[in-house]
Amino acid sequence: MATLLYRLGRFAFRRRHFVALFWVALLALAGVGAAGAPVAGNTSFSIPGTEAQKAFDVLEERFPGASADGATARVVFKAPAGEKMTDAGNKAIVQDTVGELSDGSEVARVTDPYKSGGVSEDGTVAYASVSYQVSGMELEDSSRDSLEAAADGARDAGLTVEIGGDALQAVPATGATEIIGIGVAAVVLVITFGSLVAAGLPLLTALIGVGIGVASITALASTLELGSTTSILATMIGLAVGIDYALFIVSRYRAELAEGRECEDAAGRAVGTAGSAVVFAGLTVVIALVGLSVVNIPMLTKMGIAAAGTVAIAVLIALTMIPALLGYAGRRVRATGEKGKRHGREDEEKEKENGTAQQKAQEKAQRPNMGTRWARFVVRRPVAVLLLGVVGLGAAAIPASSLELGLPDDGSQSTSTTQRRAYDLLSEGFGPGFNGPLVVVVDAKNSDDPDAVFQQTGDDIKALDDVVSVSPAAPNKAGDTATITVVPDSKPSSVATEDLVHDIRDAGADIKDDTGADVLVTGATAMNIDVSQKLNDALVPYLILVVGLAFLLLIVVFRSILVPLKAALGFLLSVMAALGAVVAVFQWGWLSGLMGVEETGPVMSMMPIFMVGVVFGLAMDYEVFLVTRMREAYVHGEKPGQAVVTGFRHGARVVSAAAVIMMAVFAGFIGSSESMVKMIGFGLAIAVFFDAFVVRMAIVPAVLALLGKKAWWLPKWLDRVLPNVDVEGEGLRTDADADADAGKRGGSPDDDRDLVRA
């Protein structure tokens, strides 16, 4: 592996014009494809095989032309203080608005609140429902403009008017904090490298990689039905790993230059060593993201594959474009204090003559850096550090024990949005459950008396707890299927509403036993409940699959059993602590104002499984980058404790910088207007903090110090079976040097390799 990547790095360095042109051309091609691509279609939380999806399919079949998947809007009216919506003047305004709403070319139907029971009991609030023939993402801008114009007309007449539903669905905005996150990453890179050139390379390549990935997603969005959230998550993960991967290779290149190697050889060795770690670290992230497909939720599968593609691009760019750009930069990537000697062979020779260069080198070598000092402290006090780290993460994980899962609705949006204000007005006038009505589909095709079944179903539902109202059954033209709308007493995301859905389904099972009719519950609220259940059921199998595959991969990388096991257990600690922090902020409301969370509630149902996948991949990045340095020192004869210190001396500064950069990029998405993106940004940022600075920087060296030589134990039979991937670059100490020596003498490189190995 290392030898192959070494040659790839040297090739990219020598053919830098071709490599740079290739990636720029690919970016341009993806950009052209994105610019000419049609608008993406709707992305829903549909799950094949669930009851809510089955009911939805029955509606599509038995109620043709009903546009069950079309966009909807609720135009909510509130009368001025002291007036009623039933007053003649206000009634006329609403009816004029309903007539104006009906004129749209994409409108399927509009309900009159005075005919459909859309006026609250106290008469202060009314609503009109608008159904469209196309989904929210396919809705023309002219239809949205007409909807808002009709609402503005009623406002001008003196009513308070707000619009809810998905008809006004828009691409979520991430806000200025995303740019701030990239700015923080740039500052950290400059501080780490002490060179603007070196700092600019990771940023440039990461932006190019993300540009290619996001443009490709946009170009394929319509064909593959990818939503706007997919590109945002790809941007989030692609930026983070793209900067980190480039950072490690540039850092290793500088280290090789410091050892006196020529630029081309230094680039090859940087790709051969740090690049090997990049490949395996990227592979763990890809495994985790692609593994989301086992959940069998189409939206989540597409998100995972799209993000995995962006990570793969980041790996390829780090391995090829970084050495190509290093070919342009040469020695200018060195720190400011070192660049004064770039013309300096003559200066260096003079310094060597009077001994100053050697003296400075010795003084610098004798001065331990912060990573070395910290590692020595941990090696001396491993038990105390281990206990402190585990107890701290355990305390942070305590809130996770009260985790409640759900999916965001209009009630989780900012109060500055019209959707949220419409949600609040409907709750005020009709009760909190009115925002999440349940649609009960009664399929009585196999029943002898469908009308009796419809009546019995409605009566049984009325007898249940937490039910405010049950509408009369509305049969289709054939009379064999009907829909019943049930309004719960609790808000859509509450546990009581979830219990009601299960109670209706239990009652439906009894009805089926008696009459043969199927009673199915659907609607947005029921679909969200089914999504949460599906994700909960898939979490453990997914965890076993992803952690199991990555565990096997790390055994190959580290040639150890206990090191990969320790890595997996440390990951579980960090992800549980991160989930605890998410619960504390988004469910309990701690620091919610600081995070811009205006409405606390259940944690997004895909958050646990998404964090398991993404955080595991990212956690293994730091594990690979940090521990490979330790193993490299150990296999070259250092004692286990000293190998830990050596690994920290070379890797702690860079890993810390990489973690801060990744945290800054993820935290930048906390400013998103989309609650799901905001929650994921916070969750990933805090997870990286826990994993990088508590697990990898404290728990890992403490455990390795306690295990000693046992940490690197591997059964002999397994050692013979496993392939030697040479992540540490051991092959470069033979093959590359043999090539150089043979070139100087005019001999055969193969002869030199045989002599070295002998």
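Described below are features of the structure shown in this document.

### So, the overall build of the protein
Link 1 in the chain: The helix and strand tally for the protein stands at 28 helices and 11 strands.
Link 2 in the chain: In the protein, which comprises 758 residues, the proportion classed as buried is 53%.
Link 3 in the chain: Considering only residue pairs separated by 6 or more positions, the protein has 79% of its internal contacts joining residues 24 or more positions apart.
Link 4 in the chain: For the protein, the exposed surface amounts to about 32100 Å²; the carbon and sulfur share of it is 58%.

### Regarding the environment of Gly-164
Link 1 in the chain: One can find Gly-164 in strand S4 (residues 160-165).
Link 2 in the chain: Here Gly-164 falls in the buried class, since its relative accessible area comes to 6%.
Link 3 in the chain: Sequence-wise, Gly-164 and Gln-419 are 255 residues apart; in three dimensions their C-alpha atoms are separated by 4.2 Å.
Link 4 in the chain: Sequence-distant contacts of Gly-164, that is, excluding residues within four places in its chain, are made with Thr-72, Ala-73, Arg-74, Asp-410, Gln-419 and Ala-422.

### So, a positive patch on the surface
Link 1 in the chain: Taken together, the side chains of Arg-376, Arg-380, Arg-381 and Arg-649 present a region of like positive charge at the surface.
Link 2 in the chain: The topology assignment puts Arg-649 in helix H24 (residues 640-667).

### Overview of the side chain of Ser-120
Link 1 in the chain: Relative to the helices and strands, Ser-120 is located in the loop between helix H5 (113-116) and strand S3 (125-132).
Link 2 in the chain: A polar side-chain atom of Ser-120 sits 3.4 Å from the main-chain amide nitrogen of Thr-124.
Link 3 in the chain: Every residue in contact with Ser-120, bar those within four places of it in the chain, is listed here: Val-125, Gly-429 and Phe-430.

### Remarks on the packing of aromatic side chains
Link 1 in the chain: As enumerated under the stated definition, the model contains 10 aromatic pairs in all.
Link 2 in the chain: Summarising the aromatic geometry, the rings of Phe-689 and Phe-690 are spaced 5.7 Å apart at their centres and angled 55 degrees between planes, so their arrangement reads as tilted.
Link 3 in the chain: The class for Phe-689 is partly exposed, based on a relative accessible area of 34%.
Link 4 in the chain: Taken together through their ring pairs, the aromatic side chains of Tyr-127, Phe-430 and Phe-434 make up a single cluster.

### Description of the nonpolar core
Note on soluble globular proteins: their nonpolar side chains tend to be buried together.
Link 1 in the chain: Residues Tyr-245, Tyr-253 and Phe-610 are the most contacted members of the largest nonpolar core, which totals 163 residues.
Link 2 in the chain: Per element, the largest residue contribution to this core is 19 residues, and it comes from helix H25 (residues 675-707).
Link 3 in the chain: If we skip the residues at most four places from it in the chain, Tyr-245 touches Val-278, Ala-281, Gly-282, Val-285, Val-311, Ala-314, Val-315, Ala-318, Asp-621 and Phe-625.
Link 4 in the chain: By size, the runner-up hydrophobic cluster in this structure holds 26 residues, among which are Ala-73, Tyr-132, Ala-150 and Ala-167.

### As for the sheet that holds S4
Link 1 in the chain: Taking strand neighbours across the sheet as the criterion, the 4 strands line up as S2-S3-S1-S4 in an open arrangement whose pairing is antiparallel. The two strands at the open ends of the sheet, each matched to only one other strand, are strand S2 (107-110) and S4. Ignoring which end each strand starts from, the neighbouring axes of this sheet average 20 degrees apart.
Link 2 in the chain: Pairing analysis gives 3 bridges linking S2 to S3, with the strands arranged antiparallel. Residue pairing in the sheet places Val-110 in a bridge with Val-130 of S3.
Link 3 in the chain: Running over the sheet, helix H6 (residues 141-156) touches strand S1 (72-78), S3 and S4 and is turned about 155 degrees from S4.

### Focus on the pattern of salt bridges
Link 1 in the chain: Evaluation of the coordinates by the stated rule reveals 21 salt bridges.
Link 2 in the chain: Note that Lys-78 is salt-bridged to Glu-428, the shortest N-O span being 3.0 Å. Pair noted here: Lys-78 is in strand S1 and Glu-428 is in helix H17 (residues 418-430), with a separation of 350 residues, a long-range link.
Link 3 in the chain: Residues Glu-259 and Arg-261 are paired through a salt bridge, measuring 3.8 Å at the closest nitrogen-oxygen approach.
Link 4 in the chain: Judged by its relative accessible area of 25%, Arg-261 falls in the partly exposed class.

### Details of the environment of Arg-261
Link 1 in the chain: Tracing the chain through its elements places Arg-261 in the loop between helix H9 (228-258) and helix H10 (263-290).
Link 2 in the chain: Once residues within four sequence positions are removed from consideration, Arg-261 is found in contact with Glu-256, Ala-266, Arg-269 and Arg-331.
Link 3 in the chain: At a separation of 2.7 Å, a polar atom in the side chain of Arg-261 contacts the side chain of Glu-256.

### Things to note about helix H2 (residues 16-35)
Link 1 in the chain: Its 20 residues place the ends of H2 28 Å apart at the C-alpha level, agreeing with the 28 Å of an ideal helix rising 1.5 Å per residue.
Link 2 in the chain: Of all the positions in H2, only Val-19, Ala-20, Trp-23, Ala-30 and Ala-34 are classed as buried. All buried residues of H2 project into a common sector of 100 degrees when viewed along the axis, lining one side. Seen from the buried face of H2, the exposed residues on the opposite side, beyond 90 degrees, are His-17, Phe-18, Leu-21, Leu-29, Val-32 and Ala-35.

### Focus on the packing of helix H15 (residues 370-380) against H24
Link 1 in the chain: Across the interface, H15 lies against H24 with an axial gap of 8 Å and an inter-helix angle of 150 degrees. Classified by the angle their axes make, H15 and H24 are roughly antiparallel. Seen along the crossing, H15 lies across H24 with a hand that is right-handed. Two secondary-structure elements touch here, H15 through Gly-371, Thr-372, Trp-374, Ala-375, Arg-376 and Val-379 and H24 through Gly-641, Val-644, Val-645, Phe-648, Arg-649 and Ala-652.

### A look at a nonpolar patch on the surface
Link 1 in the chain: A surface patch of nonpolar side chains, about 320 Å² in accessible area, is lined by Val-294, Leu-545, Leu-549 and Leu-552.
Link 2 in the chain: Counting through the fold element by element, Leu-545 comes out in helix H20 (residues 524-558).
Link 3 in the chain: On the accessibility criterion, Leu-545 (34% relative accessible area) is partly exposed.

### Observations regarding a negative patch on the surface
Link 1 in the chain: Together, Asp-465, Asp-499, Asp-503, Asp-506, Asp-510, Asp-513 and Asp-514 line one region of the surface with negative charge.
Link 2 in the chain: As for its position among the elements, Asp-510 is in helix H19 (residues 495-515).
Link 3 in the chain: Taking the relative accessible area as the measure of exposure, Asp-510 reaches 47% and is therefore partly exposed.

### Points about the environment of Phe-586
Link 1 in the chain: For Phe-586, the position within the fold is in helix H21 (residues 562-587).
Link 2 in the chain: Here Phe-586 falls in the buried class, since its relative accessible area comes to 5%.
Link 3 in the chain: Residues Phe-586 and Thr-600, 14 residues apart in the sequence, show an inter-C-alpha distance of 5.3 Å.
Link 4 in the chain: Setting aside its immediate chain neighbours within four residues, Phe-586 contacts Val-597, Thr-600, Gly-601, Lys-678, Met-679 and Phe-682.

The rules behind these values
- Residues numbered from 1 in each chain as written.
- Predicted model: local features only at pLDDT ≥ 70, side-chain atom pairs only at ≥ 80, totals over all residues.
- Heavy atoms only, no water.
- Helix = DSSP H or I, 4+ residues; strand = E, 2+ residues; numbered from the N terminus.
- Buried < 20%, exposed > 50% of the residue type's maximum accessible area, 1.4 Å probe, protein only.
- Contact = heavy atoms within 4.5 Å.
- Areas by Shrake-Rupley, 256 points an atom, 1.4 Å probe, with all protein chains shown as cover.
- Patch = residues over 30% accessible without salt bridge, like charges linked within 9 Å, V, L, I, M, F, W, Y side chains within 5 Å.
- Salt bridge = Lys/Arg side-chain N within 4 Å of Asp/Glu carboxyl O.
- Lys, Arg positive; Asp, Glu negative; His and termini not counted.
- Charge placed at Lys NZ, Arg CZ, Asp CG, Glu CD.
- Polar contact = N/O pair within 3.5 Å; in protein donor to acceptor, adjacent residues only side chain to side chain.
- Phe/Tyr/Trp six-rings, centres within 6.5 Å; stacked < 30°, edge-to-face > 60°.
- Core = buried A, V, L, I, M, F, W, Y, C linked by side-chain atoms within 4.5 Å.
- Pairing = 2+ DSSP bridges.
- Axes fitted to C-alpha atoms, helices over the stretch in contact; angles between N-to-C directions.
- Expected span 1.5 Å × (residues − 1).
- Arc of directions from axis to C-beta.
- Parallel < 35°, antiparallel > 145°, perpendicular 65-115°, else oblique.
- Left-handed = near helix turned anticlockwise from the far one by under 90°.

Remember, this is a structural readout, not a statement about activity or role.
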